[in-house]
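# Analysis of the macromolecular model
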Amino acid sequence: MRQVNSLAYCAQEVLEAAREESGEQEPAGPLEPVFALDELAAYFRRNAAELRAAATSTRVFQETADSLEKLAGQEHPDLEALEQRLTVMEERVIAAATEAASEEQLLDYRRHMDRQLAPYRSKMTADQLAMLEKQYLQRRILEDAKLPRLSLFYL
């Protein structure tokens, strides 16, 4: 069983499953890439510029921007591996942005989140709530710091 870690990977898997269901053979040539090389390069360069322009610019933001610039000049045949790399980079950026946020900001985010989730708490499992809380806090931290999402899901 294979894990699905990105939409790009998902598209390839859906095509493969459809071929298996219909009894088609693999196409003679390679599949067309899900993202054009210039589209990926522009996405990486735009995100690098946003990281460099961040008001709370840190060493992590600069290193991540440099890594994105390098990725912009490369081909990416394995989109799943690329998505994993971007996830690691985004996690480092979120950690640095969280560290730069004040205690008062983080408390405000948590209070707002608790008000938003109050009506749904009894209908969700602890795991679901924990995941939702984590996603909410990460999104708020990135938005308030004016930092980009790095995942290919946002391309």
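Right, let's walk through the structure included here. (Residues numbered from 1 in each chain as written. Predicted model: local features only at pLDDT ≥ 70, side-chain atom pairs only at ≥ 80, totals over all residues. Heavy atoms only, no water.)

### Topic: the nonpolar core
Cut-off, in case you're wondering: Here, nonpolar core means buried Ala, Val, Leu, Ile, Met, Phe, Trp, Tyr and Cys residues that are tied together by side-chain atoms lying within 4.5 Å of each other. Throughout, exposure labels follow a simple rule: accessible area from a 1.4 Å probe, protein chains only, divided by the maximum for the residue type, with under 20% read as buried, over 50% as exposed, and the rest as partly exposed. Where helices and strands are cited, they refer to DSSP runs of H or I of at least four residues and of E of at least two residues respectively, numbered from the N terminus. Any two residues whose heavy atoms approach within 4.5 Å are treated as being in contact.
Among the nonpolar cores identified, the biggest contains 34 residues, and Phe44, Leu51, Phe61, Leu68, Leu82, Leu86 and Leu147 are the most heavily contacted of them. Among the secondary structure elements, those contributing two or more residues to this core are helix H2 (37-53), helix H3 (59-72), helix H4 (79-100), helix H5 (103-117) and helix H6 (126-144). A per-element tally of this core places H4 first, with eight residues. If sequence neighbours within four positions are ignored, Leu82 has contacts with Leu40, Phe44, Leu71, His76 and Leu152.

### With respect to the environment of Glu75
Inspection of the secondary structure assignment puts Glu75 in the loop between H3 and H4. The class for Glu75 is exposed, based on a relative accessible area of 66%. In the structure, Glu75 is positioned 39 residues away from Ala36 in sequence and 9.7 Å away in space, judged by C-alpha atoms.

### Re the side chain of His76
We apply this condition: Under the rule applied, a polar contact is a pair of N or O atoms within 3.5 Å (in protein, one hydrogen donor and one hydrogen acceptor; residues adjacent in sequence only if both atoms are side-chain atoms).
Relative to the helices and strands, His76 resides in the loop between H3 and H4. Within the local environment of His76, its side chain forms a polar contact with the backbone oxygen of Leu71, the two atoms lying 2.8 Å apart. If we ignore the near neighbours within four places in the chain, the residues touching His76 are Leu40, Phe44, Leu71 and Leu82.

### Details of the environment of Met113
Note on placement: Met113 falls in helix H5. Taking the relative accessible area as the measure of exposure, Met113 reaches 1% and is therefore buried. Through-space distance from the C-alpha of Met113 to that of Leu137 is 7.8 Å; in sequence the pair is 24 residues apart. Non-local contacts of Met113, meaning those with residues more than four positions away in its chain, are made with Glu133, Tyr136 and Leu137.

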